[in-house]
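This is what each chain is made of:
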Amino acid sequence: MRVAVVGGGIAGVFTSYFLKKAGVEVLGFGGNLEYPLASLVLTMSMPDPRDIEMAKESLEVYKSIDAVEPVTSVDILPEGVDLSPLRRAGVKYTIVDRYEGLRLERGEVGVITTDYMIPIRRIVKRLRRELGFLDAEAKLAVDGGTVYIKARGKEIKADAVVLAAGASNADIARDIGLRLPFKPYSCYAALFLVPPRIRGLSIGDYVLGWYGRPGLGPFYIAGDGCGRAYSGPPKGYARKIGRLISRRAGWAVPIFAKSGVCEGSPTGGPLMGRVPYFDNLYVIGGLDGYGSMVGPALAKRLASAIVKGSTDEVIEEYDGYFDPCVERHDWGVFFSR
Ligand SMILES: Cc1cc2nc3c(=O)[nH]c(=O)nc-3n(C[C@H](O)[C@H](O)[C@H](O)COP(=O)(O)OP(=O)(O)OC[C@H]3O[C@@H](n4cnc5c(N)ncnc54)[C@H](O)[C@@H]3O)c2cc1C
């Protein structure tokens, strides 16, 4: 069996990784490697049990490939938020009403868990090399009911084609007349200097609306926010996030802000499956701002479906409106800020 994969981020390389493990020949087309040097955060503190399960599975996959670093996680939530998904999934957590270095208000709690820093650039780069990915852009084309790939001026036929190009999925599919249920949006983050007491923490402040995690060296990375795809951070963004951090930790010095492009789906979570109308096209996407948590686990399921020729999971076309900024993994979707 031969499978062509379009996209060399978390979704594409891990789908290829599991296909290769199952003995499948993989032809990967990667585009630019877009991950920053800093690690991504993997947390299990999420409200949806499906996401917690995928995060657990993904963590095991990373651990089998590279070193991942545990960090203390503090999620700030309003008192009374239903934490039963964590309990049911066996995630160890402690609830506190004070945490040294962080100011919690009356009616707020800190939920302490363990997060993991995933060196995603290093992992994806290594897998791209080991799996023989080409740093080339690819396009989809159709011959009857079968999809094939065009890259570097060549036509490449395969038993299955996987579209895993992140925020470009919807655009690439549109070339073959397919309207996928994905939308790109900008996610922002900024670099800060913060008090040493919080520098090593992964913080999710779902009350004020920012998250933060250790960056390289003395730097702290914090952000939140969602905007029009491919737009830069709004004016004053880093100062605004800095003010929110200061309310919790006393002070924060903003250095600069950056934006990246994420991809949302109408469910607020990731999707993978076969696409109807074509014999051999599969898609994985909608990894939102939490691709390191759900990506490898979802990729494993997709690779298994392709190998079995399973048609259970189907991605239907979608033409309606949805807000890609609503993310299922965000505790904040359950209460208004
Ligand atoms: C500022 C910021 C902070 C984030 N923090 C976290 C975090 O802490 N934890 C976490 O889990 N997630 C985080 N994310 C989200 C995470 O980065 C994404 O969920 C994840 O990268 C999505 O993976 P993907 O493989 O679907 O897409 P991508 O990572 O976008 O990869 C898609 C790949 O496809 C390639 N491509 C595109 N078009 C083509 C083409 N035509 N042909 C070939 N290749 C193509 C691109 O070059 C790219 O390499 C953050 C995102 C941003 C922007």
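As the structure is a prediction and not an experimental result, all values here were calculated from the model.

## What to know about a nonpolar patch on the surface
1) Next: The grouping of V326, V333 and F334 at the surface amounts to a nonpolar patch, some 280 Å² of accessible area in total.
2) Next: By relative accessible area, F334 is classed as exposed at 58%.

## Here we look at the side chain of E327
1) Next: The residue E327 is located in the segment after helix 8 (291-308) in this model.
2) Next: Taking the relative accessible area as the measure of exposure, E327 reaches 14% and is therefore buried.
3) Next: E327 has contacts with Y185, G268, D288, G289 and V333, leaving out every residue within four places of it along the chain.

## With respect to the UniProt feature "domain: FAD dependent oxidoreductase" (unreviewed entry) in the protein
1) Next: The positions that UniProt labels "domain: FAD dependent oxidoreductase" (unreviewed entry) are, in the present scheme, residues 143-304.
2) Next: From the first C-alpha to the last, residues 143-304 spans 25 Å; its make-up is 23% helix and 39% strand.

## Quick notes on the site of the ligand
1) Next: Near the ligand there are 35 residues, and of these N32, Y35, R213, D288 and S292 occur at the shortest range.
2) Next: Here an oxygen atom of the ligand and a side-chain polar atom of Y35 are 2.4 Å apart.
3) Next: When isolated, the ligand has an accessible area of 990 Å², and the protein chains bury 88% of it.
4) Next: Breaking the shell around the ligand down by element, the ones donating at least two residues are helix 1 (10-21), strand 3 (40-42), strand 11 (183-193), strand 13 (210-214), strand 15 (253-264) and helix 8.
5) Next: Looking at the shell around the ligand element by element, the count peaks at 3 residues for helix 8.
6) Next: Tallied by class, residues from the shell around the ligand come to 18 nonpolar, 12 polar and 5 charged.

## Quick look at the environment of E130
1) Next: Its place among the elements puts E130 in helix 4 (residues 120-130).
2) Next: A residue is classified by how much of its surface remains accessible, and E130, at 45% relative accessible area, is partly exposed.
3) Next: When the C-alpha positions of E130 and G110 are compared, they lie 41 Å apart, and in sequence the two are 20 residues distant.

## A look at the state of the cysteines
1) Next: By the definition in use, this model includes 2 disulfides.
2) Next: For C226, the disulfide goes to C325, at an S-S distance of 1.8 Å. One quick way to see it: the torsion about the S-S bond of C226 and C325 is about -65°, and its sign makes the bridge left-handed. One end of the pair, C226, is in strand 14 (residues 220-227); the other, C325, is in the segment after helix 8, with 99 residues separating them in the sequence.
3) Next: On the basis of relative accessible area, C226 is assigned to the partly exposed category, the value being 27%.

## Side note on the packing of aromatic side chains
1) Next: Tallied over the full model, the rule gives 5 aromatic pairs.
2) Next: Plain terms: the ring middles of F14 and Y17 are 6.0 Å apart, the flat faces sit at 75° to each other, and that makes the pair edge-to-face. Residue F14 and its partner Y17 are located together in helix 1, separated by 3 residues, close to a single helical turn.
3) Next: On the numbers, 5.3 Å between centres and 65° between planes, the contact of Y188 with Y237 is edge-to-face. One end of the pair, Y188, is in strand 11; the other, Y237, is in helix 7 (residues 237-249), and 49 residues separate them in sequence.
4) Next: The residue whose ring lies beneath K157 is Y148, and the NZ or CZ to ring-centre distance is 4.7 Å.

## Details of helix 1
1) Next: Under the 1.5 Å per step criterion, the end-to-end length of helix 1 is 16 Å for 12 residues, consistent within 8% with the ideal 16 Å.
2) Next: Among the 12 residues of helix 1, 10 are classified as buried, and the element is accordingly described as predominantly covered.
3) Next: Of all the positions in helix 1, only I10, A11, G12, V13, F14, T15, S16, Y17, F18 and L19 are classed as buried.
4) Next: Once helix 1 ends, the next one or two residues include G23, with phi positive near 90°.

## Structural notes on the pairing of strand 10 (residues 160-163)
1) Next: Neither face of strand 10 is left uncovered, since the one carrying A160 and V162 and the one carrying V161 and L163 both have all their residues buried.
2) Next: For strand 1 (residues 2-6) and strand 10, the ladder comprises 4 bridges, and the chain directions are parallel. By the bridge assignment, V5 is partnered in strand 10 with V162.
3) Next: Examined bridge by bridge, strand 10 and strand 17 (residues 281-285) share 3 bridges and lie parallel to one another. Pairing of V162 across the sheet is with Y282, part of strand 17.

Calculation rules
- Residues numbered from 1 in each chain as written.
- Predicted model: local features only at pLDDT ≥ 70, side-chain atom pairs only at ≥ 80, totals over all residues.
- Heavy atoms only, no water.
- Patch = residues over 30% accessible without salt bridge, like charges linked within 9 Å, V, L, I, M, F, W, Y side chains within 5 Å.
- Areas by Shrake-Rupley, 256 points an atom, 1.4 Å probe, with all protein chains shown as cover.
- Salt bridge = Lys/Arg side-chain N within 4 Å of Asp/Glu carboxyl O.
- Buried < 20%, exposed > 50% of the residue type's maximum accessible area, 1.4 Å probe, protein only.
- Helix = DSSP H or I, 4+ residues; strand = E, 2+ residues; numbered from the N terminus.
- Contact = heavy atoms within 4.5 Å.
- UniProt positions renumbered as here; feature names shortened; annotations may be inferred.
- Near = heavy atom within 4 Å.
- Polar contact = N/O pair within 3.5 Å; in protein donor to acceptor, adjacent residues only side chain to side chain.
- Nonpolar A, V, L, I, M, F, W, Y, C, P; charged D, E, K, R; others polar.
- Disulfide = S-S within 2.5 Å.
- Phe/Tyr/Trp six-rings, centres within 6.5 Å; stacked < 30°, edge-to-face > 60°.
- Lys NZ or Arg CZ within 6 Å of the ring centre and 35° of its normal.
- Expected span 1.5 Å × (residues − 1).
- Pairing = 2+ DSSP bridges.

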